[in-house]
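Structure assessment
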Amino acid sequence: PVVPTLIGEKIIAQAKIVLKEAARVRDMVTEESGRISGELKIGIIPTLAPYILPLFLKKFLAKYPDIKLQISELTTNEIIHRIKLSRLDAGILAIPLAESDLVEIPLFNEEFVIYSSQKAGALRKKYLLPTELDINSLWLIEEGHCLRNQVINLCELKLSERRIHKFDLFASSIETLKKVVDLNEGVTVLPYLSLTDLTEEQMKSVRYFKPPVPVRKIGLVSFRYFVKEKLLDALKDEILESLPAEMLSELNKTVVRIDLE
């Protein structure tokens with residue numbers, strides 16, 4: 001195969017830096033003009049994208065017709081990777097990330113709730129402690145999603161203690177988790193915004209955690225030297241204005257944040 005020499009690799013790396021800085025100059029000029037316009041490439045984690053996009057997307061595009069918005073649904077690690085390579089301008093995901101090259105702008109706390117089958121014991125109570133969840137009845141999202149780590153930390157789970165089942169599943173989406181719980185005995189843990197898609201009948205399967213309520217902190221993340229500040233501020237404001245009123249009232253509760261690790 002054709003590969004660059006050692007000095008060639010250094011030249012390529014430096015050329016990428018030059019191109020990135022040249023793009024920053026153009027962005028700085030646009031920022032100073034006072035117009036909120038340009039291209040904004042955003043990555044959103046899959047456990048949030050289907051529920052937050054319908055809240056703000058239509059209003060945001062109508063309010064800022066000069067902004068070209070490009071959205072990708074990606075895992076946390078992929079969003080971080082693409083931001084560092086300048087393939088994304090920013091990400092909407094669970095924070096903190098402990099990445100020194102990135103700037104994190106907190107948006108809101110999203111409460112965790114319990115979704116249970118009608119046959120599971122979790123429905124006997126309206127409010128539960130994390131330790132009251134049966135790990136042998138708990139369905140988890142697959143590896144690679146930050147929500148999986150958060151749920152494991154929340155319940156202080158030791159997956160090695162789970163019994164061997166004839167049927168086990170590591171779902172790739174929240175929708176799959178809900179369907180599996182509906183069809184089989186068991187429970188799962190969902191982020192609050194995912195409740196917006198539930199039917200009235202499905203809401204009967206929702207239970208809540210006792211205070212302090214476990215949450216994940218959602219934030220807007222960008223590269224440390226990112227200059228499209230006005231675009232990000234516009235996006236942040238529209239997201240916050242679009243959150244459900246009952247969710248904003250939840251922010252006043254006593255909460256405990258669940259980090260990724």
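In what follows, the accompanying structure is described. (Residues numbered from 1 in each chain as written. Predicted model: local features only at pLDDT ≥ 70, side-chain atom pairs only at ≥ 80, totals over all residues. Heavy atoms only, no water.)

Here we come to the nonpolar core. Grouped together as the largest cluster of nonpolar side chains are 64 residues, with contacts concentrated most on Leu48, Ile92, Phe108 and Leu235. It is strand 4 (residues 102-116) that provides the largest number of residues to this core, a total of 7 residues. Not counting the four nearest positions on each side in its chain, Phe108 is found in contact with Leu48, Ile52, Leu193, Arg216, Lys217, Ile218, Ile239, Leu243 and Met247. (Core = buried A, V, L, I, M, F, W, Y, C linked by side-chain atoms within 4.5 Å. Buried < 20%, exposed > 50% of the residue type's maximum accessible area, 1.4 Å probe, protein only. Helix = DSSP H or I, 4+ residues; strand = E, 2+ residues; numbered from the N terminus. Contact = heavy atoms within 4.5 Å.)

Inspection of every chain in the model, using the stated rule, returns 7 salt bridges. The salt bridge partner of Lys68 is Glu39, with a shortest N-O separation of 3.9 Å. Pair noted here: Lys68 is in strand 2 (residues 67-73) and Glu39 is in strand 1 (residues 38-44), with a separation of 29 residues, a long-range link. Judged by relative accessible area, Lys68 falls into the exposed class, the value being 53%. Residue classification places Glu39 among the partly exposed positions, given a relative accessible area of 31%. With a shortest N-O distance of 3.6 Å, Lys63 and Glu238 are connected by a salt bridge. Residue Lys63 is found in helix 2 (residues 49-63), and its partner Glu238 is found in helix 7 (residues 229-242); the two are separated by 175 residues along the sequence. (Salt bridge = Lys/Arg side-chain N within 4 Å of Asp/Glu carboxyl O.)

Over its 15 residues, helix 2 runs 20 Å from end to end, which matches the ideal 21 Å to within 8%, given 1.5 Å per residue. Maximal helix bending in helix 2 amounts to about 40°, located at Phe56. Along helix 2, the positions that sit buried rather than exposed are Ala49, Tyr51, Ile52, Leu53, Phe56 and Phe60. Looking at the packing, one finds that the buried side of helix 2 touches strand 1, strand 2, strand 4, helix 5 (174-183) and helix 7. (Expected span 1.5 Å × (residues − 1). Bend = angle between axes of the 7 residues up to and from the residue.)

On to a negative patch on the surface, then. There is a patch of like negative charges on the surface, built from Glu229, Asp233, Asp237 and Glu241. The class for Glu241 is exposed, based on a relative accessible area of 55%. (Patch = residues over 30% accessible without salt bridge, like charges linked within 9 Å, V, L, I, M, F, W, Y side chains within 5 Å. Areas by Shrake-Rupley, 256 points an atom, 1.4 Å probe, with all protein chains shown as cover. Lys, Arg positive; Asp, Glu negative; His and termini not counted. Charge placed at Lys NZ, Arg CZ, Asp CG, Glu CD.)

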